[in-house]
Amino acid sequence: MAASTTLKHRDVRDQPGFGTMACICLIVLYAPILILMIWSLNSGSIVTHWEGVSLAWYGVALQNEEFHSAARNTLIISVSATFFSTVMATMAAIGMTRVKPWRGLGTSFMVINLPLMVPEIITAVATLSFFALLAGQLNLNFGIGNIIIAHTVFCIPFAYMPIRARLEDMDLTLENAAADLYATPWQAFRRVTFPLLVPGILSGMALAFIVSFDDFTITQLIAGPGQTTLPLYIWNQIRRPMTPEINAISTLLLLVSILFVSVSFLIARRRK
Amino acid sequence: MASGQTAIAAKGVSKLFQGAGQDTVVALDKVSVAIRENEFFTLLGPSGCGKTTLLRLIAGFDFPTEGEILLHGQDIAPLPPYRRPVNTVFQSYALFPHMSVAQNIAFGLEMLGKSRAETQARVSAMLKLVRMEELRDRRTSQISGGQQQRVALARALAPAPKVLLLDEPLSALDYKLRKDMQIELKRLQHETGITFIFVTHDQEEALTMSDRIAVMNRGRILQVGSPRDIYDRPSERFVANFIGETNFLDGEVTGVSGAEARVKLADGAVISAGLPEGLAPAGRVSIVVRPEHARLVPPGAPADLAGRLETAVYFGTDTHYHVRLDGGGAFTVRTQNSRGGGAGFAEGEPVGIVLEPSAAQVLRD
């Protein structure tokens with residue numbers, strides 16, 4: 001009895017080797033990223049030869065017309081895909097938590113979350129075939145719109161999860177209370193459910209944005225000429241002789257990602 | 001006080017829930033009850049008895065499987081909650097966490113489309129009514145449980161509903177605060193003149209606060225009456241058991257005159273016992289006697305029952321005597337202690353029990 005109590009109170013951090021193991025994990029995870037960031041400050045023009053500290057390559061990157069175009073494309077695609085996927089995910093989450101249980105509710109939940117489980121390359125090939133068919137049979141090609149549609153589709157489950165979690169956590173009595181105080185269903189949604197749902201929606205938006213912003217596999221297959229996004233741009237650059245410019249661009253992307261993940265995390269933490 | 005006019009009535013209301021698989025759960029079984037204008041009416045019963053279901057049907061969060069719910073004679077059962085002039089104080093209070101105290105109270109008025117000036121005036125009046133003026137701009141998460149309770153009351157009273165529904169609103173408060181809120185609720189009901197329908201499983205709360213009580217069990221209303229009626233004249237075994245301590249005796253009816261029956265008890269004594277409304281029994285019946293409506297007498301003195309004193313337990317204000325009757329049953333007598341008293345009944349000695357006039361009541365079952 002006494003022995004089990006002390007065992008229970010013993011921290012996993014007291015286990016031998018815990019610190020070492022933790023350090024190894026952190027190094028494996030973050031050392032490459034750290035090295036990438038450090039080399040972005042190299043003043044020389046060869047990635048592997050250090051010549052001194054400078055922000056010069058950031059300047060080069062920011063003046064690069066191709067980089068600008070890629071950044072513009074990425075922004076247009078990510079913002080649109082984030083908007084459409086969040087709207088749809090919000091409607092889906094409400095439709096699946098604020099209704100009487102119906103046949104096929106479980107199946108719908110699976111269908112919405114399926115893109116998370118399907119290997120991305122499969123989704124990419126399928127999307128490519130789909131757009132090829134549209135173009136070939138119906139002569140339909142939406143240009144950059146194709147990429148927006150594809151991104152919207154695979155962003156939905158990412159936006160859906162935090163929104164649904166928030167709706168499920170919410171006390172249903174609050175909506176009853178609103179109805180009891182003469183709020184019609186629409187008023188109750190606008191005045192009570194939606195304001196309480198905002199943190200979930202923001203969290204979902206941040207996740208959707210980052211997933212779209214980072215996407216390579218699907219975009220690589222369906223992007224046409226002039227539709228290069230930042231991940232594609234970086235991919236193209238590393239196939240040439242590399243300069244620290246690519247490190248600078250990668251670091252900038254990383255900072256955007258970190259920003260959004262932090263925002264999503266902070267919002268999720270402030271939920272209660 | 002009660003003007004006697006019916007404010008809200010349930011007529012043959014049943015509610016069935018589809019349980020797991022083929023089972024249907026009967027939450028309410030053809031319940032009929034009429035609640036009067038300006039009345040403090042309590043639905044009392046154990047958990048799962050249907051009291052909260054009945055409240056939810058009146059509020060409109062659920063719809064009856066059959067039957068009508070009449071508000072001033074008009075069937076409101078099919079109306080959604082936002083079309084009923086009925087407001088609810090929820091067990092969990094359900095205050096809107098993203099609004100201040102004042103915004104919570106204003107919510108119903110805004111939904112009714114009241115002008116800004118009217119809403120503000122009404123909110124101030126409500127804050128004054130529940131004595132919360134200083135906290136009007138606080139977040140609801142920044143105030144105590146008792147204060148949240150007051151805000152919930154003010155929010156529900158602000159639109160001046162015809163009927164206020166209270167779903168075990170005091171159950172989350174500690175003992176002292178609960179006592180204060182009981183008095184506060186009575187005051188609010190008196191000052192506003194609104195019909196209160198109060199749901200509780202606490203029999204003491206029901207007895208001290210209500211004008212009338214409906215005792216419920218298994219989806220049915222067993223008895224409706226004033227606290228005194230319910231306590232002194234329980235008509236069913238469940239009611240007698242649920243409220244207070246009680247003694248059950250078996251007997252045989254030898255004659256009925258009006259609302260009284262002559263009952264011959266198992267060990268020979270013949271007593272008169274009250275009858276529940278509309279019951280004209282014959283043959284074997286059960287009767288109840290409250291422990292404080294009987295007293296002990298020395299053996300040999302004229303008595304209704306005879307037995308042997310098993311234990312006497314001293315409780316300060318009174319003493320409980322547990323008697324084993326000669327017929328085999330148990331009987332408890334509660335006697336108030338007087339100074340210098342102590343009747344001198346010794347444990348293990350034979351005693352007699354005298355029932356006070358009209359102490360006994362025949363049960364329906």
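Since we're looking at a predicted model, the values are computed, not measured.

This part takes up the overall build of chain B. Assigned secondary structure in chain B consists of eight helices and 20 strands. When its C-alpha atoms are laid out on the principal axes, chain B stretches across 80 × 50 × 45 Å. Counting only residues that meet the buried cut, chain B has 38% of its 365 residues in that class. Within chain B, contacts between residues at least 6 apart in sequence are counted, and of these 66% link residues at least 24 apart.

For residues other than glycine, phi is negative in most cases, and the peptide bonds are mostly trans. A positive phi is found at B:Ala94, a non-glycine position, where the angle reads about 50°. Summarising the element assignment, B:Ala94 is placed in the loop between strand E6 (86-89) and helix H2 (101-111).

In this section: the domain arrangement of chain B. Reports often express the size of an interface as the amount of accessible area lost when the parts come together. The assigned domain composition of chain B is domain 1 (6-232) and domain 2 (245-362). Computed over C-alpha atoms, the centres of domain 1 of chain B and domain 2 of chain B are 40 Å apart.

On to the interface of chain A and chain B, then. Each partner contributes residues to the interface: chain A has 15 residues there, and chain B has 17 residues. Looking at the side of chain A that touches chain B, the element that brings in the most residues is helix H8 (residues 172-180) of chain A, giving six residues. Of the residues that constitute the side of chain A that touches chain B, the class distribution is nine nonpolar, four polar and two charged.

All names here are of chain B. Note on placement: Tyr321 falls in strand E17 (residues 318-325). A residue is classified by how many C-beta atoms lie within 10 Å of it, and Tyr321, with 24 of them, is buried. In this structure, the C-alpha to C-alpha distance between Tyr321 and Thr311, residues ten residues apart in sequence, is 6.0 Å. Leave out the neighbours within four places in its chain, and Tyr321 touches Leu296, Leu309, Ala312, Thr332, Val333, Thr335 and Phe345.

What follows covers the pairing of strand E3 (residues 40-44) of chain B. All names here are of chain B. Along E3, five of the five residues are buried, which leaves the element largely enclosed by surrounding structure. Residue alternation in E3 divides its side chains into two sets, Phe40, Thr42 and Leu44 and Phe41 and Leu43, and both sets are buried. Examined bridge by bridge, E3 and strand E8 (residues 195-200) share five bridges and lie parallel to one another. Pairing of Leu43 across the sheet is with Val199, part of E8. Here four bridges tie E3 to strand E9 (residues 212-217), and the two strands are oriented parallel to one another. The residue bridging Leu43 from the neighbouring strand is Ala214, located in E9.

Parameters and conventions
Residues numbered from 1 in each chain as written. Chains lettered and ligands numbered in written order. Predicted model: local features only at pLDDT ≥ 70, side-chain atom pairs only at ≥ 80, totals over all residues. Helix = DSSP H or I, 4+ residues; strand = E, 2+ residues; numbered from the N terminus. Buried ≥ 20, exposed ≤ 12 C-beta atoms within 10 Å, placed from the backbone. Contact = placed C-beta atoms within 7 Å. Domains from an automatic or database assignment. Nonpolar A, V, L, I, M, F, W, Y, C, P; charged D, E, K, R; others polar. Pairing = 2+ DSSP bridges.

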